[in-house]
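Structural overview for review
For reference, the chains in residue letters:
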Amino acid sequence: MDALSPHLNSESAGWRADAPTTKSLAEVNATVAVPRAGHWSLRLLAFVGPGYLVSVGYMDPGNWATDLAGGSKFGYTLLSVILLSNLMAILLQSLAARLGIVTDRDLAQACRATYSPAVNFLLWIACEAAIIACDLAEVIGTAIALKLLFGIPLIGGALLAALDAFLLLLLMNRGFRFLEAFVIALLAVIAVCFAVQIVAAAPPVAEVLRGFVPKTEIFTNSDMLYIAIGIIGATVMPHNLYLHSSIVQTRAYERNDTGRREAIKWATTDSTIALMLALFINAAILVVAAATFHKSGHSDVAEIGQAFELLSPLLGLGIASTLFAVALLASGLNSTVTATLAGQIVMEGFLDLRLPSWARRLLTRGIAIIPVIIVTAIYGERGTADLLVFSQVVLSMQLPFAVIPLVRFVSDRRKMGQFAIPRSVAAIAWIVAGVIVVLNLKLLADTLFG
C-alpha cells in the first residue's frame, strides 16, 4: 500500500488498533483481472458487474407496489420523484465504492474498525433486520410471480424461493463473473419485458417528459406526498451500501494510489450506468401503470396481483400480463441472490464471524420464509401484501444507520487521505442523508400512526 494511502491498522488514521484486517469476501477478493494497458474500454469492461448487482436492489419487488400506486393514482407526476431518488442512489453508491476501494474495507468492516463493540452490535442487529425485511419482500415477490405464472400456491412458492440459496452457492463456486453474468442476464429480461409493455401502452411522450419536472403539488397533496416518500423509501436500500463497498474489491486493481484512483473512476462509471437502467425499470413500471390504469379510471391499483389481472385486458395485448409476471420473477430471483450475499458481508464485517456459505444462506432464507408461510396460512394473499408494506417500513428504519456512517467515513481525511470527498460533495451528501432520514421518519410515522 502506498505511503499516502490510509493504513488498515492505524489509530492515527482513525481506525481501532484491534480491528481485524480480514479481506471482505475473501474467497473472491481481487479475483477479477484488470488490464494494466490497452484501450480504456477494456478497463471499463473489467469493472462492469458490481454496479448491476447493486442496481438489483433499486428495482426489487418492494419498489413495484409504490411505483404501481403512484402511476395508477397520479399518472406521470411522480416520475420526478423516481428521478430524484435515483440521483440520490447514484451519489451514495459512488461513495460506497470509494470507501471500499480506498480503505480495503467494506462498510460493515469500517464500522467495526471505528465504533465500540456495543455500538457495532446494535448496528449489526439493525442491519440484519433490514436484510431480513428485504429478503422478505423478495420471497413474497417470487412467490407471487410463481402463483401468477404457474398457479403455485403462495406457501409453495415461498418454499421454492428457498432454492435460490443453492443457486448463489453454485454461481459463487464458478467465480464472481458467473454471478455477475447471471444477474445482468435477468436484468436484461426485466428491461425487455417492460420495453414491450411500454410500446403496447404507447404513453404520450410529452406527458411522460413533463412528469420528470418536479411540481409543487407533490408537497401540497398529502396523498401524493405519502406515495412520493414511499418511492424514495423503497428505492434507496441500506444493504446495497454494504454490498457495493465489498464487491468492488473483487477487482484486481493495483492497491496503490494510482490504481485506486483508476478503480474509483471505473467503478463509479459502472454503478452510474447500471443505476440508469434501474431508473428506466422503475419509471417504466410507473409509466405502464399511468398509461394503462390511470388513463382507464383504475386509480386504485396498488397490488401486484391487481396489475397482473388488468394489464392484458386494458392494453389489448394477451402477453402483457405474462411479461409482467416474468419480470417480477426475474426481479425476485435477482434480489434474493444479492440480498443473501449482502447478508454474508454484513455478518462477516460486523462480527468477523464466518459460517459456511450454505449455512449462512439457508439461515437467511429460512428467517424470511417462515413469516411469509405463517402470514399466508392465516391471512391469505392480502396478508402478504401487508407484509410487503411492513418490510419497506423496516428498511426505512435502518437506512440512517447505513447512510450516516458512510458519509462520515468518506468525508474523513484521516481515513481516506487524499481520496476524501471535497467539502462541496460532502455538503451535498449530508443534505441527501438528511432528506432521506427526514422522509423515512415521516413514512414510518405515517405508517404506524396513520
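Details of the structure are given in the entry above.
A brief structural summary. Predicted model, so just to flag it, every value in this text is computed and none were measured. (Residues numbered from 1 in each chain as written. Predicted model: local features only at pLDDT ≥ 70, side-chain atom pairs only at ≥ 80, totals over all residues. Heavy atoms only, no water.)

1. Let's talk about the packing of aromatic side chains
Which entries qualify depends on this criterion: Each aromatic pair joins two rings of Phe, Tyr and Trp (for Trp, the six-membered one) with centres within 6.5 Å, and gets the label stacked for planes under 30 degrees apart, edge-to-face for over 60, and tilted for any other angle. The numbering of helices and of strands both runs from the N terminus, where a helix is a DSSP run of H or I of at least 4 residues and a strand a run of E of at least 2. When a residue's accessible area, from a 1.4 Å probe over protein chains only, is under 20% of the maximum for its type it is buried; when over 50% it is exposed; and in between it is partly exposed.
Counted under the stated rule, the structure contains 9 aromatic pairs. Look at Trp-40 and Trp-266: their rings are 6.0 Å apart centre to centre, the planes differ by 5 degrees, and that puts the pair in the stacked class. Of this pair, Trp-40 sits in helix α1 (residues 40-47) while Trp-266 sits in helix α14 (residues 257-294), placing them 226 residues apart in sequence. Trp-266 sits in the buried class, given a relative accessible area of 7%. With 5.4 Å between their ring centres and 65 degrees between their planes, Trp-64 and Phe-194 make a pair best called edge-to-face. With Trp-64 in helix α3 (residues 61-74) and Phe-194 in helix α9 (residues 176-201), the pair connects residues that are 130 residues apart, well separated along the chain. A connected cluster of aromatic rings, assembled from ring pairs, spans Trp-15, Tyr-115 and Phe-409.

2. Quick word on helix α4 (residues 79-103)
Applicable threshold: Given a helix with a known number of residues, its expected span is that number minus one, times 1.5 Å.
Relative to the 36 Å expected for 25 residues at 1.5 Å per residue, α4 spans 36 Å between its end C-alpha atoms, a close match to the ideal helical length. Asp-104 occupies a position one or two residues after α4 and carries a positive phi of about 60 degrees.

3. A look at unusual backbone geometry
Although it is not a glycine, Leu-25 sits at a positive phi angle of roughly 45 degrees. Looking at where Leu-25 falls in the secondary structure, it is placed in the segment before α1. Residue classification places Leu-25 among the buried positions, given a relative accessible area of 2%.

4. With respect to the environment of Asp-446
Relative to the helices and strands, Asp-446 is located in helix α20 (residues 423-449). Taking the C-alpha atoms as reference, Asp-446 lies 17 Å from Gly-70; in sequence the two are 376 residues apart.

5. Thoughts on the environment of Ala-33
Inspection of the secondary structure assignment puts Ala-33 in the segment before α1. Since its relative accessible area comes to 61%, Ala-33 is described here as exposed. Sequence spacing of Ala-33 and Arg-251 is 218 residues, and the spatial spacing of their C-alpha atoms is 6.3 Å.

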